[in-house]
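Fold and contact review
As a plain string of letters, each chain reads:
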Amino acid sequence: MRKINMFKLLIVTVLMVSIFSVQAELDVQEEIAKFILLANECREEVGAKEADIQDLIHKHQAAGQEGKCLRACLMKKYEVLDANGKLVKSVALEHAKKFTNSDENKLKIASTIIDMCSALDIVGDTCEVAEQYSECFKKQADTYGITLEI
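Reference entry: report on the structure contained in this document.

Thresholds, definitions, all that
- Note that residues are indexed from 1 along each chain, following the sequence as it is written.
- Only residues with pLDDT of at least 70 are given local features in this predicted model, and only at 80 or more are side-chain atom pairs given and counted; all residues enter the totals for whole chains, interfaces and linings.
- Derived side-chain values reflect all non-hydrogen atoms in the structure, with water molecules and hydrogen atoms excluded from consideration.
- The axes are straight lines fitted to the C-alpha atoms, using for helices just the contacting stretch, and the angles between their N-to-C directions are given from 0 to 180°.
- What counts as a helix is a DSSP run of H or I of at least four residues, what counts as a strand is a run of E of at least two, and both are numbered from the N terminus.
- When describing relative orientation, an angle under 35 degrees is termed roughly parallel and one over 145 degrees roughly antiparallel, while 65 to 115 degrees is termed roughly perpendicular and anything else oblique.
- Whether two residues touch is decided by their heavy atoms; if any such pair falls within 4.5 Å, the residues are in contact.
- Residues are sorted three ways: Asp, Glu, Lys and Arg are charged, Ala, Val, Leu, Ile, Met, Phe, Trp, Tyr, Cys and Pro are nonpolar, and all the rest, Gly among them, are polar.
- Between Lys or Arg on one side and Asp or Glu on the other, a salt bridge is scored when a side-chain nitrogen of the former is within 4 Å of a carboxyl oxygen of the latter.
- Residue burial is assigned from relative accessible area. The probe radius is 1.4 Å, only protein chains are included, and a residue is buried under 20% of its type maximum, exposed over 50%, and partly exposed in between.
- To define a nonpolar core, start from buried Ala, Val, Leu, Ile, Met, Phe, Trp, Tyr and Cys residues and group those joined through side-chain atoms within 4.5 Å.
- For this text, the term disulfide refers to a pair of cysteine sulfurs within 2.5 Å.

A word on the packing of helix H4 (residues 65–77) against helix H7 (residues 126–143). For any two helices packed against each other, the geometry is given by the interaxial angle and the distance between the axes. Put simply, H4 and H7 touch, their axes get as near as 7 Å, and they point 80° apart. In terms of orientation, H4 lies roughly perpendicular with respect to H7. Counting all contacts with H4, which are made through Gln-65, Lys-68, Cys-69, Arg-71, Ala-72, Met-75 and Lys-76, the residues of H7 involved are Thr-126, Cys-127, Glu-128, Ala-130, Glu-131, Tyr-133, Ser-134 and Phe-137. When its residues are assigned to classes, the contact of H4 with H7 shows seven nonpolar, three polar and five charged.

Right under this line is the structure:
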């Protein structure tokens, strides 16, 4: 059951960086293993609880600081959030390319969403910034009708 939850968390994290499909030709098992490692590291680093992970999986806002920091930690580990709390557009787009198998239509939408969210004037600590980016990605994905079945 834990492996399934980590897979769900991988899918949600992918959403945070505007990745729209895990049907790409990539080593899914390798990605899951990497994600589990990073998620466990982040969980320890920020003191996150299972409820924080469940909020992320179910695309809910983080209930507290640990949940926000869990998102920030994961975004940093995937290098889409820099040390100053800014979205790294080029890295986010590289993740999108990888997970969409460079599908031109999906990449166009990904690029639009990445541009829109990175243009936000977000202030606050890194954890708050990560939460705001996450909310932007979720809102934009909804706007474009992008859904993930988990």
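A separate point is the pattern of salt bridges. Using the criterion set out here, one finds eight salt bridges in the structure. Here Glu-45 makes a salt bridge to Lys-77, at a shortest N to O gap of 3.0 Å. Of this pair, Glu-45 sits in helix H2 (residues 28–46) while Lys-77 is found in helix H4, placing the two residues 32 residues apart along the sequence. Judged by its relative accessible area of 52%, Glu-45 is exposed. Taking the relative accessible area as the measure of exposure, Lys-77 reaches 26% and is therefore partly exposed. Residue Lys-97 is joined to Glu-94 by a salt bridge in which the shortest nitrogen-to-oxygen separation is 3.3 Å. Within this pair, Lys-97 and its partner Glu-94 are both found in helix H5 (residues 89–100), separated by three residues, close to a single helical turn. Note on Glu-94: relative accessible area 46%, which makes it partly exposed.

Within the largest apolar cluster, 19 residues are counted, with the highest numbers of intra-cluster contacts made by Met-75, Leu-81, Leu-87, Cys-117, Tyr-133 and Phe-137. At the level of secondary structure, the elements contributing two or more residues to this core comprise H4, helix H6 (104–118) and H7. Element by element, the count of residues in this core is highest for H7, at seven residues. When neighbours within four sequence positions are excluded, Leu-87 is seen to be in contact with Met-75, Val-80, Leu-81, Ile-114, Ser-118, Tyr-133 and Phe-137. Counting residues in each nonpolar core, the second largest holds twelve residues, with Cys-42, Ile-53, Leu-70 and Leu-74 among its members.

For the rest of this paragraph, the subject is the state of the cysteines. Using the criterion set out here, one finds three disulfides in the structure. In this model Cys-42 forms its disulfide with Cys-73; the gap between the sulfur atoms is 2.1 Å. The S-S bond linking Cys-42 to Cys-73 shows a torsion near -85°; that makes this disulfide left-handed. Of this pair, Cys-42 sits in helix H2 while Cys-73 is found in helix H4, placing the two residues 31 residues apart along the sequence. Note on Cys-42: relative accessible area 0%, which makes it buried. In this structure Cys-73 comes out as buried when scored by relative accessible area, which is 7%. A sulfur-sulfur distance of 2.0 Å marks the disulfide that ties Cys-117 to Cys-136. The chirality of the disulfide connecting Cys-117 with Cys-136 is left-handed, given an S-S dihedral of about -90°. Residue Cys-117 is located in helix H6, and its partner Cys-136 is located in helix H7; the two are separated by 19 residues in the primary sequence. What makes Cys-136 buried here is its relative accessible area of 9%.

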